[in-house]
Structure formats: structure tokens, C-alpha cells
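# Chain and residue survey
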Amino acid sequence: MAHSASPSPDTTQPARLSVVMPAYNEEPTLRESVQAVLERVPGLLELVLVNDGSRDRTGAIADQLALEDSRVRVIHQPRNMGKTAALKTGFAATRGDIVIVQDADLEYDPAEIDAVVDPIRKGFADVVYGSRFLVRKAARILYFYHYIANKGLTFCSNLCTNLNMTDVETCYKAFRGEIIRNMTITSTGFGCEIEVTAKVAKLKGCRVYEVPISYYGRTFEEGKKIGFKDGLAAGWYILRYNLFCSLTASYTTIPDLRHGRAQPSAPGLEGPARIH
Ligand SMILES: Nc1nc2c(ncn2[C@@H]2O[C@H](COP(=O)(O)OP(=O)(O)O)[C@@H](O)[C@H]2O)c(=O)[nH]1
Ligand SMILES: [Mg+2]
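Residues numbered from 1 in each chain as written. Chains lettered and ligands numbered in written order. Predicted model: local features only at pLDDT ≥ 70, side-chain atom pairs only at ≥ 80, totals over all residues.

## Here's the deal with helix 2 (residues 58–68)
Restricting attention to buried positions, one finds in helix 2 the residues T58, G59, I61, A62 and L65. Down the axis of helix 2, the buried set is contained in an arc of 160°. They therefore lie on one face. Exposed residues lying more than 90 degrees from the buried face of helix 2 are A60 and L67. Close packing links the buried residues of helix 2 with strand 1 (17–23), helix 1 (30–40), strand 2 (44–51) and strand 3 (72–76). (Buried ≥ 20, exposed ≤ 12 C-beta atoms within 10 Å, placed from the backbone. Helix = DSSP H or I, 4+ residues; strand = E, 2+ residues; numbered from the N terminus. Arc of directions from axis to C-beta. Contact = placed C-beta atoms within 7 Å.)

Structure follows, in C-alpha cells:
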């Protein structure tokens, strides 16, 4: 099915979901992560798995998973290029009405994806972030300095975007497909978290929501890789993408957000213009 920059949602069909999973040396957790997505995500159209030049068996496991389930599509980056580059490749390959990111390391539970994308499915949101800092269920207690760094980055990002977010660095970012597929992404490393947020904020009329999620964080010993340098880079990206990047430079085609609106007609999120 073709996608344009401004599709009208088909209100008779359930919204189809693309999950993008970047994976770099995730041999121990990849199979379980993929299976969790396949089993626990309703309305899953495809899982676009991007093997980011891994040096372990990630690529071979990914190919095997694609043989086992036709919803799994694997893309191999020619060499390790970082999470942002992997996501960029993955986003471009998606075909779903809704696109969400899922890391390959089991820090986030795919069973919660349905709740994260729910405001988009119901026509209330264009973008939803899963927040680890809203009222939540289970959350592993980990590094305090990471928490401070994350809060600091979120605060500075909010100052520039004027969006009152609680967790800009979250993995769970969900978008109406035409928004993320039309977005230009030029940062590297883990820069996408800041860049994407800044570019979403530039879109007039873009309705951004947060949904509380659980967080099963891992330690550096268990494989966490993001570090101090990534935090510094994020600080620079906040300035670069908020102050020195225009709306037209942020999108190949600026998505038309007039479609798919819904107004609450009753308590809860039931609205007349549900996407499904
Ligand atoms: N660290 C790192 N992660 C990558 C890279 N390419 C893809 N990824 C994937 O990006 C996701 C997030 O990585 P992780 O180290 O867990 O970062 P964090 O959870 O944001 O601290 C995982 O699924 C990684 O496998 C890369 O070059 N470096
Ligand atoms: Mg992680």
C-alpha cells in the first residue's frame, strides 16, 4: 500500500504498526526481544530489524528470525554506524501507519507498546513518547548520575522546544508513519533522541503525548553502552537542532497533520474519528 505525505486514515481498517529494532552486538537478547514483539504487539505489520554491523552472531540470528516469521524484515548495515544511523535506515524501510522504536536489549517490555501507540490509534496524537518518569509500574533503580543527566537533557530540550516532556531519551518513541518517514535525520551516535524531538516540536499542530512505561534497565556490565560522551553530544544537538535548523530543513515533505483528528466525545479517549 502506498503512503503519501498526507494520507487520510482509513477509519474502517485497524492502524498497522511497524516496529523498528536497532541491534548492535545483541546476541544474548535479540531472539527474546524479537519474539516478545511478535507475540505481544497487536496489529503488528512488520518488525524492521536493523543489524548495525554487529561483530557477534546478531546478524545470523536476525536472518534466522526472518526465516521463521515473515513479519520480520532484516536490514544489515555494511558496518557499525550507530543507533541513529540504524534507526534512519529502519524508518525509511517502514510501511506502517504507525512506527515505534524497540531496542533489542529487553530494557523495555513490548507488551507495553500497545498502550504507547494507543493515543495515535485513537486519533488523538501524532507522536507519543513512553516515559520512564511518569507514574509507572516496575522500574529498576539504576545510576543516579544517569538520571540527573537525563533530567538535565530533558530540561534543556524542553527549554528549546517548549514541550513539557519528562523523558526525552526514552527508546519508546511512536509516530504517525508519515512524520518519521519524511523527517531528515543527520545526527550520529545517540543523537536521534534529541534531533527527532526538536524536529517534532517544529511541526505546527503536532499533538505529542506521553504514556507511562516500565523500565528494566541494564547495567554497563550487562551491556549498556550509552555514556558520558553521548550526553555531551546530546547537549550540542539540543542547540543545533532547535536553534540552527529550520522546519523546511527538518522534513523532505512537511507532513500534513490536519487528518485523523479526534475530539473526546465521552469520558476516556473514545472519539468519533478513531483510526481503527
Ligand atoms: N550502543 C550502541 N547501540 C546501538 C548501536 N547501533 C544500534 N544500537 C542499538 O541501539 C539500542 C540502544 O543501545 P543501548 O546501548 O542499550 O543504549 P541505551 O539503552 O539508550 O543506553 C540497542 O538495541 C542497540 O543494540 C551502536 O552503534 N551503539
Ligand atoms: Mg538499552
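## Points about the pairing of strand 3
Across 5 bridges, strand 2 lies against strand 3 in parallel orientation. Across the sheet, residue V50 finds its bridge partner in strand 3, namely I75. (Pairing = 2+ DSSP bridges.)

## Some words on the packing of helix 5 (residues 144–161) against helix 7 (residues 192–202)
Packing of helix 5 against helix 7 leaves a shortest axis separation of 10 Å and a crossing angle of 25°. Of the possible angle classes, the one that applies to helix 5 and helix 7 is roughly parallel. Considering how the two elements wind past one another, helix 5 and helix 7 form a crossing that is right-handed. Counted together, S157, C160 and T161 of helix 5 and I194, T197, A198 and A201 of helix 7 form the full contact between these two elements. For the contact of helix 5 with helix 7, the per-class residue count stands at 4 nonpolar, 3 polar and no charged. (Axes fitted to C-alpha atoms, helices over the stretch in contact; angles between N-to-C directions. Parallel < 35°, antiparallel > 145°, perpendicular 65-115°, else oblique. Left-handed = near helix turned anticlockwise from the far one by under 90°. Nonpolar A, V, L, I, M, F, W, Y, C, P; charged D, E, K, R; others polar.)

## As for the site of ligand 1
Near ligand 1, the surroundings consist of 16 residues, among which Y24, D52, D103, K225 and I226 are the closest. Counting only elements with at least two residues in the shell around ligand 1, the list comes to strand 1 and helix 3 (83–93). When grouped by side-chain class, the residues that make up the shell around ligand 1 number 6 nonpolar, 2 polar and 8 charged. (Near = placed C-beta within 6 Å.)

## A word on the nonpolar core
Counting residues in each nonpolar core, the largest one holds 65 residues, and the members touching the most others are I100 and A174. Excluding residues within four positions of it along the chain, A174 makes contact with I98, V99, I100, V116, V117, I120, V127 and V128. (Core = buried A, V, L, I, M, F, W, Y, C linked by C-beta atoms within 7 Å.)

## A short note on the pairing of strand 2
Successive side chains on a regular strand alternate, one facing one side of the sheet and the next facing the other. Here strand 2 lies mainly inside the structure; 7 of its 8 residues are buried. Note: strand 1 against strand 2, 7 bridges, orientation parallel. When the bridges of strand 2 are listed, V19 appears paired with L47. Between the parallel elements strand 1 and strand 2, the chain passes through helix 1 in a crossover that is right-handed. (Right-handed = clockwise from strand over helix to strand, strands pointing away.)

## Quick look at the sheet that holds strand 4 (residues 98–101)
Strand order across the open sheet formed by 7 strands is 3-2-1-4-6-5-7, with mixed pairing between neighbours. Edge positions in the sheet fall to strand 3 and strand 7 (208–212), since each of these pairs with one other strand and no more. Recorded for the sheet is a direction-independent mean angle of 20° between the axes of neighbouring strands. Bridging between strand 4 and strand 6 (residues 173–176) involves 3 bridges; their strand directions are antiparallel. In the sheet register, I100 faces strand 6, and the bridge partner there is A174. Across the sheet, helix 4 (residues 113–121) is in contact with strand 1, strand 4, strand 5 (127–131), strand 6 and strand 7; its angle to strand 4 comes to roughly 150°.

## Thoughts on unusual backbone geometry
Glycine aside, the phi torsion of most residues is negative, and most peptide linkages are trans. Of note, N25 is a non-glycine position whose phi angle comes to about 50°, a positive value. Summarising the element assignment, N25 is placed in the loop between strand 1 and helix 1. According to the C-beta neighbour criterion, N25 is partly exposed, with 19 such atoms within 10 Å. Located in the positive-phi region is L106, a residue other than glycine, with phi close to 65°. Its place among the elements puts L106 in the loop between strand 4 and helix 4. Its 19 C-beta neighbours within 10 Å are what place L106 among the partly exposed residues.

## What about the environment of R140?
Along the chain, R140 turns up in the loop between strand 5 and helix 5. As for R140 and G217, which are separated by 77 residues in sequence, their C-alpha atoms are 5.9 Å apart. Beyond its immediate sequence surroundings of up to four residues, R140 is in contact with Y215, Y216 and G217.

## Observations concerning helix 4
The α-helix advances 3.6 residues per turn, and as a result positions three or four apart in sequence lie on the same side. Within helix 4 the residues assigned to the buried category are I113, V116, V117, P119, I120 and R121. Tucked inside the fold, the buried residues of helix 4 contact strand 1, strand 4, strand 5, strand 6 and strand 7. One or two positions beyond helix 4, positive phi appears at G123, with a value near 85°.

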